[in-house]
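Structural description and commentary
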Amino acid sequence: MYQSPTSPRSLGLFHFKDTRFVKSLVVTGLVWFGVLAWWLAYEPAAGLVPRVPGMDNAPREVSTDAGSGAVQIGAFFALHDGVASEIPGSWQQFRGPGRDNAVFSTPPLAHAFGNTPPILWSVELGEGHAAPAVANGRVFVLDYDEETDADALRAFSLSTGKEIWRRWYEVKVKRNHGMSRTIPAVADSFVVTMGPRCHVMCTRAGSGDFMWGIDLVEEYGAEVPLWYTGQCPLIDDSIAVLAPSGKSLMIGVDCHTGEVLWETPNPHGWKMSHSSIMPMQYGGRKIYLYCASGGLAGVAADGPDRGSILFQTDSFNQSVVAPSPVVLGDGRIFMTAGYGGGSAIFQVSHSEHAFGIEMIDRIEVMEGASSEQQTPLYHEGHLFMVLPKDAGELRGQFVCVDPDTPRKIIWSSGPERKFGLGPYLLADNKLYILNDNGTLSIARFSTRRYEELGRIQIMDAVDAWGPMALVNGRLIIRDAGSMVALDIRRKTGV
């Protein structure tokens, strides 16, 4: 056989039986070629983003490829041995009966508790910050079960804490400063929840029977926010009001049937925030307020044009918005956000033919009133809130502010009384303020000074951020992994 003088055999380098050596050379060459191609294509600055004040410790944006279409909302159910309590009263939604974090009809409440927390019961929950709603003797919490990878609506007895029933569906959620963080809405025998990845579920409040579900990512193109969904549903006249902020800014869903009755356009492509929809009355109209990642909008809540945009502005456009709009009266709205967002005050106007909105004041985070996570409380013409961690020397303190002079702090709780990202509410002319480490402080309500009446360590808490619920003298609080009910009714002679 003829051999080329330059062939391998003529050079005496190997024999045909040494084919493994050839394969080794080929594989090695391919590996080095791949490494060279990657190095040439690699852009070391591709993963860098501009520094945003206050965002240094923010987690990376969560993936939205959750396989939404595979989620069978409401697929599973279990009945437990708990029994609904006969204790009257309700806290049926985010921030209570008036959606304002205030209770004006309650038994006399304690000023202090001595050295022993008045704990009625305690239950373990999955990691998260989802707080309870209470109705008809049942405590409803949207939990996340890591063992079964499931969003679980759980109903407990208000008097004993025993679980009554559980309705759940499987959905993968990775830990990201907790999983679930929304509060159910309970009304007209319905419970409506929104899960971490924007799955909406409606069940019967008494039996737990499944009614309907909507995947807002799959059906409306919603984007799962950082730290997952924080929006708490609203039920108004048997209609679940939700803000997908995808192809529709807002929608109204019939709780009886699951039919979408109206949709609000989203012409500017605003995204879902952690903020919740708040009701407002102005100009003879009922209005739904929502602060999306993009701006603030007012949507018609009544009349033949229900669901249409009455006014909107992008002048307060923040990337992370957790607090909800606060209605101040006379068409004024207070809006605030964390991570350097500061706050703003808006004035809604109304003429015979149209509504309008204008920002009338903009307060930087170091200048005065602002809040990072909790929605400020408004009562007797004053705002009450915990200042964020980037608010300077008053950071973490509970403060009182007149919205007419939002840069002037009327009083603060002082450097020894800091509350982190903890919640607060008003009841029996007292402020109940929870430190995010589990210490409950009681202060007399005042627009002149901070007057603490008592404080007690309730639990060795980790991130007690979920809003509290108060029903007939029973205060329910939670941290990242458990929920506790307290009896804070005033004892005779105390």
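Thresholds applied
- Residues numbered from 1 in each chain as written.
- Predicted model: local features only at pLDDT ≥ 70, side-chain atom pairs only at ≥ 80, totals over all residues.
- Heavy atoms only, no water.
- Helix = DSSP H or I, 4+ residues; strand = E, 2+ residues; numbered from the N terminus.
- Contact = heavy atoms within 4.5 Å.
- Polar contact = N/O pair within 3.5 Å; in protein donor to acceptor, adjacent residues only side chain to side chain.
- Buried < 20%, exposed > 50% of the residue type's maximum accessible area, 1.4 Å probe, protein only.
- Pairing = 2+ DSSP bridges.

Re the environment of Glu 263
Looking at the element boundaries, Glu 263 is found in strand β15 (residues 260–265). Residues Glu 263 and Val 241, spaced 22 residues apart in sequence, show a C-alpha to C-alpha distance of 10.0 Å. With sequence-adjacent residues up to four places away left out, Glu 263 is seen in contact with Tyr 220, Ser 248, Met 250, Ile 251 and Gly 307. At a separation of 3.3 Å, a polar atom in the side chain of Glu 263 contacts the side chain of Tyr 220. A distance of 2.7 Å separates the side chain of Glu 263 from the side chain of Ser 248, its partner in a polar contact.

Some points on the pairing of strand β17 (residues 285–292)
Counting buried positions along β17 gives seven out of eight residues, so the element sits mostly inside the fold. Hairpin connection of strand β16 (residues 278–282) to β17: two residues between the antiparallel strands, including Gly 283 at a positive phi of 60 degrees. Sheet topology note: the β17/strand β18 (residues 295–300) ladder contains six bridges and is antiparallel. Along β18, the bridge assignment pairs Tyr 288 with Val 299. Taking the residues between adjacent antiparallel strands as the criterion, β17 and β18 are bridged by two residues, where Gly 294 takes a positive phi near 150 degrees.

Notes on the sheet that holds strand β30 (residues 439–444)
Strands pair in a sheet through their backbones, by hydrogen bonds, and they do so in one of two ways: parallel or antiparallel. Judged by pairing direction, the sheet is mixed, and its five strands sit side by side in the order β2-β28-β29-β30-β31 without closing on themselves. What marks the edges here is a single partner per strand, and that holds for β2 (102–103) and β31 (451–457). Relative to strand β28 (residues 424–427), β2 runs parallel, the two being bridged by two bridges. Residue pairing across strands places Val 103 opposite Ala 427, the latter belonging to β28.

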